[in-house]
Amino acid sequence: NAGVTQTPKFQVLKTGQSMTLQCAQDMNHEYMSWYRQDPGMGLRLIHYSVGAGITDQGEVPNGYNVSRSTTEDFPLRLLSAAPSQTSVYFCASSSPTRYYTFGSGTRLTVV
Amino acid sequence: KNEVEQSPQNLTAQEGEFITINCSYSVGISALHWLQQHPGGGIVSLFMLSSGKKKHGRLIATINIQEKHSSLHITASHPRDSAVYICAVASTGTASKLTFGTGTRLQVTL
């Protein structure tokens, strides 16, 4: 099925651990982005990419790294997890003038 | 002040009622998106608007660019419409990223 595949769905980390959230799309979309969703706040942009090899920071980039080596994949790396990074993370893809397609989300808890 | 404001934050309706959710924004935009999120669920795109009005089934979305305002209407509401509805905008020249409102939680009862 065409869409955005996001893994894992759930993850528990200890403070200081690192991990990578995977995101892949098969729609040949140029744009990909990562958002976090916290209670009482709208989704906030972490990092985004307008094409392979091009990434930029969003509203809340600290503590996260991204890379875009292919059109399909846009992994999000947590370098040293902190409790403040407990959240639900969504990956999304789109093209100019196209709807956004979202992954199913990753619920991350940092203890 | 947030760039995207939604109202109301919470809404309870009886089955069959006509529902309106409002979204105001303060920046120039290339597009406005309406999204739906069911409890514990993923996010689904409902509409993308840059002008005028769009309709899918019982859902209607309108936008007034001059007033920087959009509305999402649900006609003949049904309990399966219970969800959080989110307004998001792509600022002018930046279709690659969205700024979101905080969402409107809708509950439709029998």
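Here is a short report on the structure shown in this document. Residue numbers here run from 1 along each chain, matching the order of that chain's written sequence. The order in which chains are written sets their letters, starting at A; the order in which ligands are written sets their numbers, starting at 1. With pLDDT at 70 or above as the cut-off, local features in this predicted model cover only qualifying residues; side-chain atom pairs require 80 or more to be listed or tallied, and sums for whole chains, interfaces and linings still use all residues. To obtain the side-chain values, all non-hydrogen atoms of the structure were used and water was disregarded.

Each helix corresponds to a stretch of at least 4 residues labelled H or I by DSSP, and each strand to a stretch of at least 2 residues labelled E; elements are numbered beginning at the N terminus. In terms of regular secondary structure, chain B is built from zero helices and 11 strands. The N-to-C order of helical and strand elements in chain B reads β-β-β-β-β-β-β-β-β-β-β. With the radius of gyration taken over C-alpha atoms, the globule rule is written as 2.2 Å times the number of residues to the power 0.38. Taking 2.2 N^0.38 as the reference for a compact globule, 110 residues should give roughly 13 Å; the C-alpha atoms of chain B span a radius of gyration of 13 Å, in line with that estimate. If you line up chain B on its principal axes, its C-alpha atoms span 45 × 30 × 25 Å. What makes two residues a contact is simply this: any of their non-hydrogen atoms within 4.5 Å. Once local pairs closer than 6 in sequence are excluded, the contacts in chain B between residues at least 24 apart make up 55%. Carbon and sulfur atoms make up 49% of the accessible area of chain B, which totals about 5,200 Å². Across chain B, the mean location of the 9 positive side-chain charges is 7 Å away from that of the 6 negative side-chain charges. Residue exposure ignores everything except the shown protein chains as possible cover, and the areas themselves are Shrake-Rupley values with a 1.4 Å probe. This count recognises Lys and Arg as positive and Asp and Glu as negative, with His and chain-terminal groups excluded. By convention, the charge on Lys lies at NZ, on Arg at CZ, on Asp at CG and on Glu at CD.

Looking now at the side chain of Arg-44 of chain A. All names here are of chain A. Following the sequence through the fold, Arg-44 ends up in strand β5 (residues 44-51). The exposure class of Arg-44 is buried, given its relative accessible area of 17%. Polar contact criterion, stated in full: a pair of N or O atoms within 3.5 Å, where within protein one must be able to donate a hydrogen and the other to accept it, and residues adjacent in sequence count only if both atoms are side-chain atoms. Among the polar contacts listed, one links the side chain of Arg-44 to the side chain of Asp-38, at a separation of 2.8 Å. Beyond its immediate sequence surroundings of up to four residues, Arg-44 is in contact with Trp-34, Tyr-35, Arg-36, Asp-38, Glu-59 and Val-60. Buried means the residue's accessible area, taken with a 1.4 Å probe over protein chains only, is under 20% of the maximum for its type, while exposed means over 50%, and partly exposed covers the values in between.

On to the sheet that holds strand β1 (residues 4-7) of chain B, then. All names here are of chain B. A sheet is described by the order of its strands in space; here five strands give the open sequence β1-β3-β8-β7-β6, paired in antiparallel fashion. The open sheet has two edge strands with one neighbour each: β1 and β6 (52-56). For this sheet the average axis-to-axis angle between neighbouring strands, irrespective of direction, equals 15 degrees. Any two strands with at least two DSSP-identified bridges between them are counted as paired. Every angle, taken between N-to-C directions, lies between 0 and 180 degrees, and every axis is a line fitted to C-alpha atoms, over only the stretch in contact when it is a helix.

Attention now goes to unusual backbone geometry. Going from Thr-7 of chain A to Pro-8 of chain A, the amide bond is cis rather than trans, its omega being -5 degrees. With respect to the secondary-structure elements, Pro-8 of chain A resides in the loop between β1 (4-7) and β2 (10-13). In this structure, Pro-8 of chain B follows Ser-7 of chain B across a cis peptide bond, with omega equal to -10 degrees. Structurally, the position occupied by Pro-8 of chain B is in the loop between β1 and β2 (10-14). The phi angle at Ala-76 of chain B is positive, at roughly 50 degrees, despite the residue not being glycine. Residue position: Ala-76 of chain B is located in the loop between β8 (69-74) and β9 (83-91). We classify Ala-76 of chain B as partly exposed; its relative accessible area is 46%.

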